[in-house]
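The residues making up each chain are set out below.
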Amino acid sequence: MNKKIKLGLVFILIIIIISIFTNSVDAIGISPGRKTLDFEPGLKTSVDYTIFNDEAKDMKVLIYVEGELNNSIALHDNLIEFKASETSKTLKYDINLPLEFKEPGTHEAKIIAREIPISAAHEGTYVGASAAVVTQLYVLVPYPGKYAE
C-alpha cells in the first residue's frame, strides 16, 4: 500500500473512534459545575442545582457528598427517578458552615450524581459501570494579614 492509502485509513479510523466515544458521553449532566462562596462564620444557605436526563430515558440517580465539607452539606434528595419524558430536575442542598476553619484557603465539597440501573435501586449489590457527574462547592477562607496569590 502506498502512503496516501495508509494515511487515509488511519484518518477514517480516528474519526470512527472519536464518534463512538462522543456519542456515549451524553447520559447525565449537572449544572452549575461549581459554586464558590466567601467564608462567613456560621453561614446557613441553600444552593440550587439541576440534573439533566440527556438521553431521555428512564433512570435513577443516586446523589451523595464527598470532600472536606461533606459534614456541612445536607442534601434534600438522595435518590431521584427520571421518566423518559423528563429532561431535568432542579434540586437543593443546604450549607451550614462552621464558626471557623483551622486552615485558610479553599475548602471543597463534591456533590456527585451517579446514574444507577433501575434494578440496582431495589437489590443490594451492583457490579458494573455507571456515569457520574459532579458539581463542586468551594468555600474561600481568607488568609490573615497580607498575602499574595
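Residues numbered from 1 in each chain as written. Predicted model: local features only at pLDDT ≥ 70, side-chain atom pairs only at ≥ 80, totals over all residues. Heavy atoms only, no water.

> Would you explain the overall build of the chain in this entry?
Helix and strand counts for the chain come out as 1 helix and 9 strands. Helices and strands in the chain line up, N terminus first, as α-β-β-β-β-β-β-β-β-β. Counting only carbon and sulfur atoms, one obtains 55% of the accessible surface of the chain, whose full area is about 10000 Å². (Helix = DSSP H or I, 4+ residues; strand = E, 2+ residues; numbered from the N terminus. Areas by Shrake-Rupley, 256 points an atom, 1.4 Å probe, with all protein chains shown as cover.)

> Even after reading the chapter, I still don't get the environment of isoleucine 95, so can you show me in this structure?
In this structure, isoleucine 95 sits in strand β7 (residues 88–96). Taking the C-alpha atoms as reference points, isoleucine 95 and asparagine 70, separated by 25 residues in sequence, lie 9.6 Å from one another. When near neighbours in sequence (up to four residues on either side) are disregarded, isoleucine 95 contacts Leu37, Leu43, Lys44, Thr45, Val47, Ser72 and Leu137. (Contact = heavy atoms within 4.5 Å.)

> Would you explain the nonpolar core in this entry?
A general feature of soluble globular proteins is that nonpolar side chains tend to end up buried together. Counting residues in hydrophobic clusters, the biggest one holds 28 residues, and the most contacted among them are Ile51, Val61, Ile63 and Leu137. Secondary structure elements with two or more residues in this core: β3 (44–52), β4 (59–67), β6 (79–82), β7, β8 (105–116) and β9 (132–141). The residues touching valine 61, leaving out its near neighbours within four places in the chain, are Ile28, Ile51, Asn78, Leu79, Ile80, Phe82, Ala113, Arg114 and Glu115. (Core = buried A, V, L, I, M, F, W, Y, C linked by side-chain atoms within 4.5 Å. Buried < 20%, exposed > 50% of the residue type's maximum accessible area, 1.4 Å probe, protein only.)

> I'm lost on the sheet that holds β4 in this one. Help?
The sheet built from 5 strands is open, its strands ordered β2-β9-β8-β4-β6 with mixed pairing. Edge positions in the open sheet fall to β2 (34–38) and β6, since each of these has one partner strand only. Between one strand axis and the next, the sheet turns through 20 degrees on average, direction left out of account. Alignment of β2 against β9, held across 5 bridges, turns out to be parallel. Bridged to lysine 35 within β9 is leucine 137. (Pairing = 2+ DSSP bridges. Axes fitted to C-alpha atoms, helices over the stretch in contact; angles between N-to-C directions.)

> How should I be thinking about the sheet that holds strand β1 (residues 29–31) in this particular structure?
The strands making up a sheet associate through hydrogen bonds between their backbones, and the pairing can be parallel or antiparallel. Taken together, the 4 strands give an open sheet; going across it, the order is β1-β3-β7-β5, and neighbouring strands pair in antiparallel fashion. Where the open sheet ends on each side, the last strands, each with one partner, are β1 and β5 (73–75). Between one strand axis and the next, the sheet turns by 30 degrees as a mean value, whatever way the strands run. One ladder, built from 3 bridges, connects β5 with β7; its direction is antiparallel.

> Would you explain a nonpolar patch on the surface in this entry?
A surface patch of nonpolar side chains, amounting to about 400 Å² of accessible area, comprises Phe11, Ile12, Ile15 and Ile16. Position of isoleucine 15 among the secondary structure elements: in helix α1 (residues 3–23). Residue class for isoleucine 15 comes out partly exposed when judged on its relative accessible area of 44%. (Patch = residues over 30% accessible without salt bridge, like charges linked within 9 Å, V, L, I, M, F, W, Y side chains within 5 Å. Salt bridge = Lys/Arg side-chain N within 4 Å of Asp/Glu carboxyl O.)

> Looking at this structure, how should I read the packing of aromatic side chains?
The description of an aromatic ring pair uses the distance of the two centres, along with the angle that the planes make with each other. Taken as a whole and assessed by the stated rule, the structure comprises 2 aromatic pairs. We note lysine 89 situated over the ring of phenylalanine 82; from NZ or CZ to the ring centre the distance is 5.4 Å. (Phe/Tyr/Trp six-rings, centres within 6.5 Å; stacked < 30°, edge-to-face > 60°. Lys NZ or Arg CZ within 6 Å of the ring centre and 35° of its normal.)

Shape is all these values report; function is a separate question.
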